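# Tertiary structure, described
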6 protein chains.
Amino acid sequence: MSLKIKPAKECRWDQLSLGEVMLRLDPGETRVRVAREFKAWEGGGEYNTSRGLRKCFGLKTAVCTAFVDNEVGHLVEDFIMQGGVATDFIKWREDDGIGRTVRNGLNFTERGFGMRGAVGVPDRGNTAASQLKPGDFDWDEIFGRQGVRWFHTGGIFAALSATTAALTVEAVKAANQHGTIVSYDLNYRPSLWKTIGGLKKAQEVNREIARYVDVMIGNEEDVITATKNDWSAILWHGGRFYESRKYPELEILDRVGGGDSFASGLQFGFLSQNDPQLAVDYGAAHGAFASTTPGDTSMATQKEVEKLMKGGSARVVR
Amino acid sequence: MSLKIKPAKECRWDQLSLGEVMLRLDPGETRVRVAREFKAWEGGGEYNTSRGLRKCFGLKTAVCTAFVDNEVGHLVEDFIMQGGVATDFIKWREDDGIGRTVRNGLNFTERGFGMRGAVGVPDRGNTAASQLKPGDFDWDEIFGRQGVRWFHTGGIFAALSATTAALTVEAVKAANQHGTIVSYDLNYRPSLWKTIGGLKKAQEVNREIARYVDVMIGNEEDVITATKNDWSAILWHGGRFYESRKYPELEILDRVGGGDSFASGLQFGFLSQNDPQLAVDYGAAHGAFASTTPGDTSMATQKEVEKLMKGGSARVVR
Amino acid sequence: MSLKIKPAKECRWDQLSLGEVMLRLDPGETRVRVAREFKAWEGGGEYNTSRGLRKCFGLKTAVCTAFVDNEVGHLVEDFIMQGGVATDFIKWREDDGIGRTVRNGLNFTERGFGMRGAVGVPDRGNTAASQLKPGDFDWDEIFGRQGVRWFHTGGIFAALSATTAALTVEAVKAANQHGTIVSYDLNYRPSLWKTIGGLKKAQEVNREIARYVDVMIGNEEDVITATKNDWSAILWHGGRFYESRKYPELEILDRVGGGDSFASGLQFGFLSQNDPQLAVDYGAAHGAFASTTPGDTSMATQKEVEKLMKGGSARVVR
Amino acid sequence: MSLKIKPAKECRWDQLSLGEVMLRLDPGETRVRVAREFKAWEGGGEYNTSRGLRKCFGLKTAVCTAFVDNEVGHLVEDFIMQGGVATDFIKWREDDGIGRTVRNGLNFTERGFGMRGAVGVPDRGNTAASQLKPGDFDWDEIFGRQGVRWFHTGGIFAALSATTAALTVEAVKAANQHGTIVSYDLNYRPSLWKTIGGLKKAQEVNREIARYVDVMIGNEEDVITATKNDWSAILWHGGRFYESRKYPELEILDRVGGGDSFASGLQFGFLSQNDPQLAVDYGAAHGAFASTTPGDTSMATQKEVEKLMKGGSARVVR
Amino acid sequence: MSLKIKPAKECRWDQLSLGEVMLRLDPGETRVRVAREFKAWEGGGEYNTSRGLRKCFGLKTAVCTAFVDNEVGHLVEDFIMQGGVATDFIKWREDDGIGRTVRNGLNFTERGFGMRGAVGVPDRGNTAASQLKPGDFDWDEIFGRQGVRWFHTGGIFAALSATTAALTVEAVKAANQHGTIVSYDLNYRPSLWKTIGGLKKAQEVNREIARYVDVMIGNEEDVITATKNDWSAILWHGGRFYESRKYPELEILDRVGGGDSFASGLQFGFLSQNDPQLAVDYGAAHGAFASTTPGDTSMATQKEVEKLMKGGSARVVR
Amino acid sequence: MSLKIKPAKECRWDQLSLGEVMLRLDPGETRVRVAREFKAWEGGGEYNTSRGLRKCFGLKTAVCTAFVDNEVGHLVEDFIMQGGVATDFIKWREDDGIGRTVRNGLNFTERGFGMRGAVGVPDRGNTAASQLKPGDFDWDEIFGRQGVRWFHTGGIFAALSATTAALTVEAVKAANQHGTIVSYDLNYRPSLWKTIGGLKKAQEVNREIARYVDVMIGNEEDVITATKNDWSAILWHGGRFYESRKYPELEILDRVGGGDSFASGLQFGFLSQNDPQLAVDYGAAHGAFASTTPGDTSMATQKEVEKLMKGGSARVVR
């Protein structure tokens, strides 16, 4: 069963995401608590899908988010520009000079190894993104005049604050009203909801959001070790299950962001071919690739993803 | 004119500082806004003096501060342990999982080069240190039963919040009452005072603090370029000026923290020889060394500092 | 005397450049011939101006160039995306698998130190850019329908091959006819012209090009050492000289690309304020900044450039 | 069945190879298309065997090849010197300053991880090596007066151009006539032959070469993943098969160059003991070691290879 | 059966170790013999247990050792300070300027990969530690007045020289007499005993030592590959065997120091709960963690170790 | 006045040096005592001249030295091979497994910055080189049958031990008898002579050596700062002074080894042109270059040195 997706020629954007983009600080093969050197990446569950759609699959994507106008904010912007995701809808907030009232989100994340799992230390309180609120974006301009084929957001952004929860509801409703496909990644994390109403509030918000959602994404990790994983995906759509190609004992370099790359590939499958089986296969293959490189996002190409979907192996290309 | 300093044998600590310790993220020779890799250091104006006194001059020092109990907090602790400063008085706060209510302070700082000045992006809002308040430390135990020869704090910590201002007053008062020498580095930064009362409040707090201070430190930068500097220091003490050896056209690798290393050397001069002229000379030489290495703190040895004070040159040692 | 520049609202692009973009491989503080590790950057004399206008000054810019469709081509594209320069006009050429018939340009460049000068080893034969020819770009679409306020190209691109010389003539002519301001950086390099007609051909091509040029740029290095330089610039415009602020004994980290950043700032001065004195001041200040960071392009911000123009010093910003 | 190999004391060289040596640029654990830093190595299928014979097995080896006389050429020479392979027969070509008419070969190669295969981007068009031609080397001096026990070349070099094909024929013929053992690695790569005659030409050249070849090498990859591999080798010699020790599920760090290290070990087996079973075992063990370190060539020692051949395990040596 | 361990409140130190601490130079994923860059760590079999007890388990520990008073000695001290192990009992020896009469121990160690085993090149002759002798430490002060709950040393230190063998006997005897629990890691290494009496002397020394030992530790490696290992441990205590949780096919990043981290966890089990089954489980889990990070010592936390003991998996923590 | 140098065609070696080669561990811009990462280089006063003559000036050189046959010894060999200096005369000593009886020399050296001087920590006690003794080399074979034009050694090697002093005398005598030019770099270092007889012994040895020396080299540092230096050289030869071109305020990256590169250039001047004025100019220019790159040895080319001698500036070469 296919989705009713607007034609590309009527829309300025193939996909738009709403979420926070953080600076990831990655200690490589060592651990955060003893590191003397960090690699930097950008990442954010909702944004990662836009980046994958643009950098791997070549679609036109943008992100709705907010940063403080300082060096760190512009570093994340520098990564987003590298990722090719349009920066038109970024809200820049004035710096208070010390990060007291408004900040940019940071994420110290180590990738784990073997039986030592990945560890993330999000430092995202009072961020510019968490202070976004209804009315900050002109949805009629975005979904209406400019046009967007697919809108993606998720439960991490919705849980940042009471205002982001309200903004998320506002956004999915607006997207839905303008005929834009809406996908939502549940990504339930207790630590985020804790101080803003807990599970009860999460259910209430998600129930409201669900009314406007076309594709609901949820995933359950079952990690063998941080270095090896049985990987596959299932899609429930139009009343039946679609199962992806299986990747048993997938070797993993950095599993953070694998789920987001799944969501990204899934959206591409629908946007390009509007076929649920292809969608789940694109998702699983793209997610698998993302686990073979450092950072939250994939470095794969569309050709590689499609070769893998068809059962390709790891021979040297030359 | 000398100070009335308690004898070492009556005190467990030669020096104690009160202040925030942040994780410094340093892009090396490139800039924060395009960096892909950061070196990590620890730093904090008040703490830097304790570290210099311990690591360069071999005294027994400790720091009163607070961290969130997560990987980043323990990374900074790991640096403090490396610096040899006692961690006995660190307050560990429970992690909320996302840095919404309480955080560890961060500082993205680039060192500058030539006419491009150093740039710092402190991200220190809502930190555990800024939430310290009167009553958090048992000053009678610390200054009384354990004993401290010298107590140092400054205007950066006092400006973090209304509660740190109050705590600073409480601390200098307690130190003074127990006969501990008190030094205070004014370090006035408008961005810090802005939201908690501005210049007026700063003056009010500093005036109150000044009543208990034995050595008041202030410095005025006069930077030629980020790579070259005329360096010297002046001390007003006991009614007259003491001027340090002059270091004209000092070549600078990373000037951040030079003032703190001055304060550190100054304290050593008093603590070891109780001589204002030696104090200002130790301060200037230690500060000069700190500018020749990366990071906020010096990597010099006491022998090197003393050789420099006496006019030593840069011949190869072997 | 000001230029007759099209209003921004009538044009999709503030500036467009035509030239080759190479992958720069930089051994840092060591030398190419013994390096075991290289930093990567992108660079190209003409393109560097578009990047500066976009990343430092926030204008909308694009580059006309060509790459082979392989991993290296996409790495340079990745840098261009990071630089924010639009990739719409990049021509992608099919890879022959070994770089026999068409290649991407490479540039092994070491920055020099003190009396050891910078050394560049361009490896740019048979590149996709050098095979560009008249007819490859639809100038009527670009300069006409889309609209461009400023077009920049130069003598390096014109010298790549007989076809790029012809394309350069075609482009400046078209730009001129559509009322776009044309600037041209002479950048005469004998090694490039040698096999395609030498000085005589260069003069012939440049004379033809000059007929359509509004702003002709040439500069003459006078390097004290690779680490220190007297820096300033002169503009001949509307029958008189404009002299920039002088930067005596400027400390230099990496001087490669300083001239291009001058040209970039110059264009911004005209585009934003249409004032020759401001133009030469923007140029000199932007070029000075570019020399304080690694890579071909500047990492400065507009605010920093303007502060420097007004005589700002290198004090720590915090 | 043993080979008729000249005694070592009659020859200046134990082994000589003819082939191209390229600069390999390796992005480590990330991918070429997003890399910001590259490790450098040297590599070339034919040369790699000489390097292994010298650095691992201590024989006297040299390489016949050509470079442009610029910094990159001398960087590759620097690597060859590090490898201990004699540089006496390197032809140095004058630099044209831009790599238009003659170049040094480059190879951007990423190692792959798990199901993401290794990717190579050879940039070897118009290289000095590809312009080598009959008459460039004085074979009578080399094989006659100086003396060579074993000569190795292969199908990659033969496919670089019509002149290298002809030179290869000239060389194997000369070697054969002087009683030097000749080995040839087929290494058929369609992309190389494509523009110089395709499969038909390849077969014609190889048929001519085969007349002078004593040991013909070919291998077929069967890669499980880029990180794990079943490894073993088979030799057809003197009318029967010799099978090496098997290495099931060999863990792989960088598989590029494994086949060349096999050829290298094989030659050592013949040169040192003239025994086909030992030869295939040396080859397989040496190739296995090469896969556990980065770069094209092995970093193993003869002692380690021999211990592995005899079934040694990976216990800590101390 | 539990041990008779002194209560914590009667002792200044939970644990004290006697041994050498070396500077480990680690080439990362490449090999020592071709490295151009080394990571530095500290390590020493006996000391590693103190570090684990302090950094992972939070106990108060110190090390008895000696260094030359030069930059390298202070670098190792810098690591020990980072590890939180008290430096009170370090003996500083005067530098002779060239390392002729007394030195600091060094250890070039590569971690191995797959079937290529780890390789260690200890350079520890004539070290300050090896010149330690009976009488150097005031055991009555240490074990008597200050108080120590657990003393650990081992067969590596005992084998450094005739004087360290004698010192070891002196130390375990003194510890035993003061009621301190004594553990001893046999760690028999022929190369160490060779020039000071061989196996015969080793047995004689160990027999004498054994008289005062409460917990004797020995382990036998059975390495599948350098990258994968079946890991578990057995404790013989009070007349019966205690077997740890098993870790089949444990993925290994750097196995050096795994045995020491086992000994460290084992001691914690006894010190904290005085239970042999828990002790062997703490030991095995702590040793397993140490194999997932670079360097000789673990970077695990107590919480992680305990989660692993109870069967925890490698899910992302966030 | 020229020297009587044997013609090149009668000699296998242009130059031969006798000395120790150490592994240099270099913390880059930070200091040894807090480093977490080291770059590796090879270096040794006598050897550095052979390396410069080979790598910069293209002569055939070799070194007489000794190493322990372990991974570190082979790492230094790997560097010597990279330097192109023949390894034929290296004596390999059996490893004792722990560095107790025989070792490879190490040198932790930081380069200094500004007024912070360079610091070297040689760790060269009991090295294989220091155990070399008369009779170890067959001088008749080397100076007689093979032939050497120039022999260089110096006071560092002579001071390593009583046996190296004796070997040095033996060597210079033999060289002199075979008509080989002998140069000797006094390089007096008190720390080396201290335990083997002090100044008195040094004078005695040097007096004996001087009888066979043709060119005696000595230099006196006069360092302004570690980053800037007035550089020039004077040669006393044939009864008069020859003064080099002066390099005032030379900018310095790493001054270690500058004197050796002077000696190297000086030898080249004599060997190639037999002219004392040219010799001192080659020496000064080569030494100046060595100070602009990291490591003990120069990375300059002959062309660059000669351009500098003639007054060349630091313009970009392209």
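Residues numbered from 1 in each chain as written. Chains lettered and ligands numbered in written order. Predicted model: local features only at pLDDT ≥ 70, side-chain atom pairs only at ≥ 80, totals over all residues. Heavy atoms only, no water.

### Re the overall build of chain A
Broken down by element type, chain A carries 10 helices and 14 strands. In terms of C-alpha radius of gyration, chain A reaches 19 Å, essentially the compact-globule figure of 20 Å for 318 residues. In chain A, of all internal contacts separated by at least 6 residues, the share reaching a separation of at least 24 is 74%. Working note: accessible area of chain A is about 10500 Å², and carbon and sulfur atoms make up 50% of it. Of the charged side chains in chain A, 40 are positive and 41 negative, and the gap between their average positions amounts to 3 Å. (Helix = DSSP H or I, 4+ residues; strand = E, 2+ residues; numbered from the N terminus. Rg over C-alpha atoms; globule rule 2.2 N^0.38 Å. Contact = heavy atoms within 4.5 Å. Areas by Shrake-Rupley, 256 points an atom, 1.4 Å probe, with all protein chains shown as cover. Lys, Arg positive; Asp, Glu negative; His and termini not counted. Charge placed at Lys NZ, Arg CZ, Asp CG, Glu CD.)

### What to know about a nonpolar patch on the surface
Taken together, the side chains of Ile-234, Trp-236 and Phe-241 of chain A present a nonpolar region at the surface, about 390 Å² in accessible area. Turning to its location among the elements, Trp-236 of chain A is positioned in strand E12 (residues 234-237). (Patch = residues over 30% accessible without salt bridge, like charges linked within 9 Å, V, L, I, M, F, W, Y side chains within 5 Å. Salt bridge = Lys/Arg side-chain N within 4 Å of Asp/Glu carboxyl O.)

### Here's the deal with the interface of chain E and chain A
Counting from both sides, the interface comprises 24 residues of chain E and, opposite them, 24 residues of chain A. Here chain E and chain A share an interface that buries about 2300 Å² over both sides, 54% of which is from carbon and sulfur atoms. Linking chain E to chain A there are 3 salt bridges. Residue Arg-111 of chain E pairs with Glu-29 of chain A through a salt bridge whose shortest N-O separation is 2.6 Å. (Buried area = accessible area lost by both parts, 1.4 Å probe.)

### A closer look at the confidence of the model for chain A
Per-residue confidence for chain A gives a mean pLDDT of 93; residues scoring 70 or more make up 97%. Predicted complex, confidence summary: ipTM 0.92, pTM 0.95. (pLDDT = per-residue confidence, 0-100.)

### What to know about the relation of the copies chain E and chain A
For these two chains of identical sequence, chain E goes onto chain A by a turn of 120° and a shift of 0.0 Å along the axis, with RMSD 0.0 Å. Such values leave the two copies arranged in the relation of a three-fold axis. (Least-squares fit on C-alpha atoms with pLDDT ≥ 70 in both.)

### Remarks on the relation of the copies chain A and chain B
With an axial shift of 0.0 Å and an RMSD of 0.0 Å, the rotation relating chain A to chain B amounts to 180°. Here the two chains are linked by the operation of a two-fold rotation axis. Among all residues of chain A, the minimum C-alpha distance to the rotation axis is found for Phe-38 of chain A, at 2.5 Å. Most of the interface of chain A is mirrored in chain B, where 100% of its interface residues again form contacts.

### Things to note about the pattern of salt bridges
For the structure shown, the criterion picks out 145 salt bridges over all chains. Residues Arg-24 of chain E and Asp-254 of chain E are paired through a salt bridge, measuring 2.9 Å at the closest nitrogen-oxygen approach. Highlighted residues: Arg-24 of chain E in strand E2 (residues 22-26) and Asp-254 of chain E in the loop between strand E14 (247-251) and helix H8 (258-273), separated in sequence by 230 residues. With respect to class, Arg-24 of chain E is no different from Asp-254 of chain E; both count as buried. Between Glu-204 of chain F and Lys-201 of chain F there is a salt bridge whose closest N-O contact spans 3.9 Å. In this pair, Glu-204 of chain F and Lys-201 of chain F both sit in helix H7 (residues 198-210), 3 residues apart, roughly one turn of the helix. Accessibility expressed as a relative area gives 27% for Lys-201 of chain F, which makes it partly exposed. Overlapping salt bridges, with partners in common, bring together Arg-24, Asp-26, Asp-254 and Asp-296 of chain A in one network. (Buried < 20%, exposed > 50% of the residue type's maximum accessible area, 1.4 Å probe, protein only.)

### Notes on the nonpolar core
In this structure, Leu-16, Phe-137, Trp-139, Ile-142, Phe-143 and Phe-151 of chain C are the most contacted members of the largest nonpolar core, which totals 41 residues. Residue contributions to this core peak at 7 residues, all from helix H5 (residues 162-177) of chain C. (Core = buried A, V, L, I, M, F, W, Y, C linked by side-chain atoms within 4.5 Å.)

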